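Structural description and commentary
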Amino acid sequence: MAIERTLSIIKPDGLKNHHIGEIISRFEKAGLTPVGIRLQQLSQKEAEGFYAVHSARGFFKDLVAFMTSGPVVVMALEGENAVLKNRDLMGATDPKKADKGTIRADFAQSIDANTVHGSDSLENAKNEIAYFFRETELQKY
C-alpha cells in the first residue's frame, strides 16, 4: 500500500465537546500520523475559500458560519492508504447513517455539526493540505 497524506479538520463542535484527544488517538491507533497540526480560528474568507466548491449550494452560508463559529484543529495525516482510512474512521456525513464506532456516529450531533472533515480523494487531499500548510511546516517521518 502507498503512503499518502490527507487533511482532517476537527470542527468547532468537536472542540466545544472536548473530543480532540479521542479523535487524534483514533487516527494514531489506525496508523495515521499527524505530520502537521494547528489549532486555529478560521476567518470567513478562509472558510469561504476552503469550501468554495460548495458555494452554489444552499448550505454554503450555514457551513461557513458553522466553521467560523469557533476554533478548529487542522491536521495533515500520513499513513498507508490515508485518504480511505480517514474516511472510514470518520463515517458517513450524516451521523444517523454512520457505522457504529466511527467518529461521526460517536460524536457528531447532526449532518451539519458532524465533528470532522476529511479529504475525499488523493488529489483533493493535496490541494486541501496546501490550503492550510506550507510544505516546510510538514514533518518527515
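Let us look at the structure shown here. In this text the structure is predicted, and so the values were computed from the model without any measurement.

Remarks on the packing of aromatic side chains
Enumeration according to the criterion identifies four aromatic pairs in this entry. Judged by centre distance (5.6 Å) and plane angle (55°), the rings of phenylalanine 50 and tyrosine 131 are tilted. Placement of phenylalanine 50 in helix α3 (residues 44-50) and of tyrosine 131 in helix α7 (residues 122-132) is noted, with a sequence separation of 81 residues between them. Relative to phenylalanine 132, the ring of tyrosine 131 lies with its centre 5.1 Å away and its plane at 75°, an arrangement referred to as edge-to-face. The class of tyrosine 131 is partly exposed, set by a relative accessible area of 37%. An aromatic cluster of at least three residues, connected via ring pairs, comprises Phe50, Tyr51, Tyr131 and Phe132.

A closer look at the pattern of salt bridges
Side chains that differ in sign of charge can pair as their charged atoms come close. Scanning all chains against the criterion turns up seven salt bridges. We note a salt bridge from arginine 26 to aspartate 106, for which the minimum N-O separation is 2.7 Å. With a gap of 80 residues between them, arginine 26 in helix α2 (residues 20-29) and aspartate 106 in helix α6 (residues 103-107) connect regions that are remote in the sequence. The class for arginine 26 is buried, based on a relative accessible area of 19%. Looking at aspartate 106, the relative accessible area reads 37%, which means it is partly exposed. Here arginine 38 ties to glutamate 137 by a salt bridge, and the two come within 3.5 Å at their closest N and O atoms. Of the two residues, arginine 38 sits in strand β2 (residues 33-40) while glutamate 137 sits in the segment after α7, which places them 99 residues apart along the sequence. Residue class for glutamate 137 comes out partly exposed when judged on its relative accessible area of 26%. Salt bridges here are not isolated pairs; linked through shared partners, they connect Arg5, Glu78, Glu135 and Lys140.

With respect to α2
Within the span of α2, buried status applies to Ile23, Ile24, Ser25, Arg26 and Phe27. Residues of α2 that are buried sit in contact with β1 (3-10), β2, β3 (72-80), α5 (82-90), α6 and β4 (116-118). At the C-terminal side of α2, glycine 31 shows a positive phi close to 90°.

Reading guide: rules and limits
Residues numbered from 1 in each chain as written. Predicted model: local features only at pLDDT ≥ 70, side-chain atom pairs only at ≥ 80, totals over all residues. Heavy atoms only, no water. Phe/Tyr/Trp six-rings, centres within 6.5 Å; stacked < 30°, edge-to-face > 60°. Helix = DSSP H or I, 4+ residues; strand = E, 2+ residues; numbered from the N terminus. Buried < 20%, exposed > 50% of the residue type's maximum accessible area, 1.4 Å probe, protein only. Salt bridge = Lys/Arg side-chain N within 4 Å of Asp/Glu carboxyl O. Contact = heavy atoms within 4.5 Å.

Interpretation in functional terms is not warranted from these geometric data alone.
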